[in-house]
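A look at the structure
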Amino acid sequence: MNLNRLTHKSQEGLQAAQEMASSRAHPEVGTIHLLMAFLEQEQGVLPRILTRLGVSSQVLQQELEKQASRKGHPLWRAGHAAYGCRSPRTPFQGRSIC
């Protein structure tokens, strides 16, 4: 993937996700890191999409933080094949967040 072809916001989001994974000692950047990073972007596209869907960015951010900090979560298991969100349903009107 040529990172130079990504938008500036996308590059910032990827960098933030990488920093989140590293600060939590997670072996890889996963779906949760990416979602959290793009949720934190002011004027970003993800918060606008979620607003249109009726999903609270703050509630989603809190749920992602809980998932990422759980020691039994796949993000904590180095070498696990499926990093990222494993919860099929969330408190967001029964929608999947993955």
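Residues numbered from 1 in each chain as written. Predicted model: local features only at pLDDT ≥ 70, side-chain atom pairs only at ≥ 80, totals over all residues. Heavy atoms only, no water.

**Some details on the overall build of the protein chain**
What counts here: Labels follow the DSSP assignment, with helices taken as runs of H or I lasting at least four residues and strands as runs of E lasting at least two, numbered in each case from the N terminus. To sort residues, take the accessible area from a 1.4 Å probe on protein chains only and compare it with the maximum for the residue type: under 20% means buried, over 50% means exposed, and anything in between is partly exposed. It only takes one pair of heavy atoms within 4.5 Å for two residues to be counted as in contact. A 1.4 Å probe and the Shrake-Rupley method give the accessible areas. Residues count as covered only by the protein chains that appear here.
A tally of regular secondary structure across the protein chain gives four helices and zero strands. Taking all 98 residues of the protein chain together, 35% fall into the buried category. Contacts spanning at least 24 positions in sequence make up 47% of the contacts within the protein chain whose residues lie at least 6 apart. Split by element, the accessible area of the protein chain, about 6400 Å² in all, is 52% carbon and sulfur.

**Examining the environment of S23**
Test applied: Nitrogen and oxygen atoms within 3.5 Å of one another constitute a polar contact, given that in protein one can donate a hydrogen and the other can accept it, and given that sequence-neighbouring residues count only through two side-chain atoms.
Mapped onto the fold, S23 is located in helix 1 (residues 8–23). On the accessibility criterion, S23 (59% relative accessible area) is exposed. Within the local environment of S23, its side chain forms a polar contact with the backbone oxygen of M20, the two atoms lying 3.0 Å apart.

**Details of the confidence of the model for the protein chain**
Which entries qualify depends on this criterion: Along the chain, pLDDT gives the predictor's confidence residue by residue, from 0 to 100.
Within the protein chain, residue pLDDT values average 77, and 71% of them lie at 70 or more. Note on residues 76–98: pLDDT is under 50 here. Beyond four places in sequence and across chains, it has 51 contacts.

**Section: the nonpolar core**
For clarity, the threshold we go by: In plain words, nonpolar cores are sets of buried Ala, Val, Leu, Ile, Met, Phe, Trp, Tyr and Cys residues tied together by side-chain atoms within 4.5 Å.
Counting 13 residues, the largest nonpolar core has I32, M36, L39, L46, L50, L60 and L64 as the members making the most contacts within it. Secondary structure elements with two or more residues in this core: helix 1, helix 2 (31–40), helix 3 (45–53) and helix 4 (57–69). Of the residues forming this core, the biggest block, five residues, is contributed by helix 2. The residues contacting L39, other than those within four sequence positions of it, are L46, P47, L50, S57, L60, Q61 and L64.

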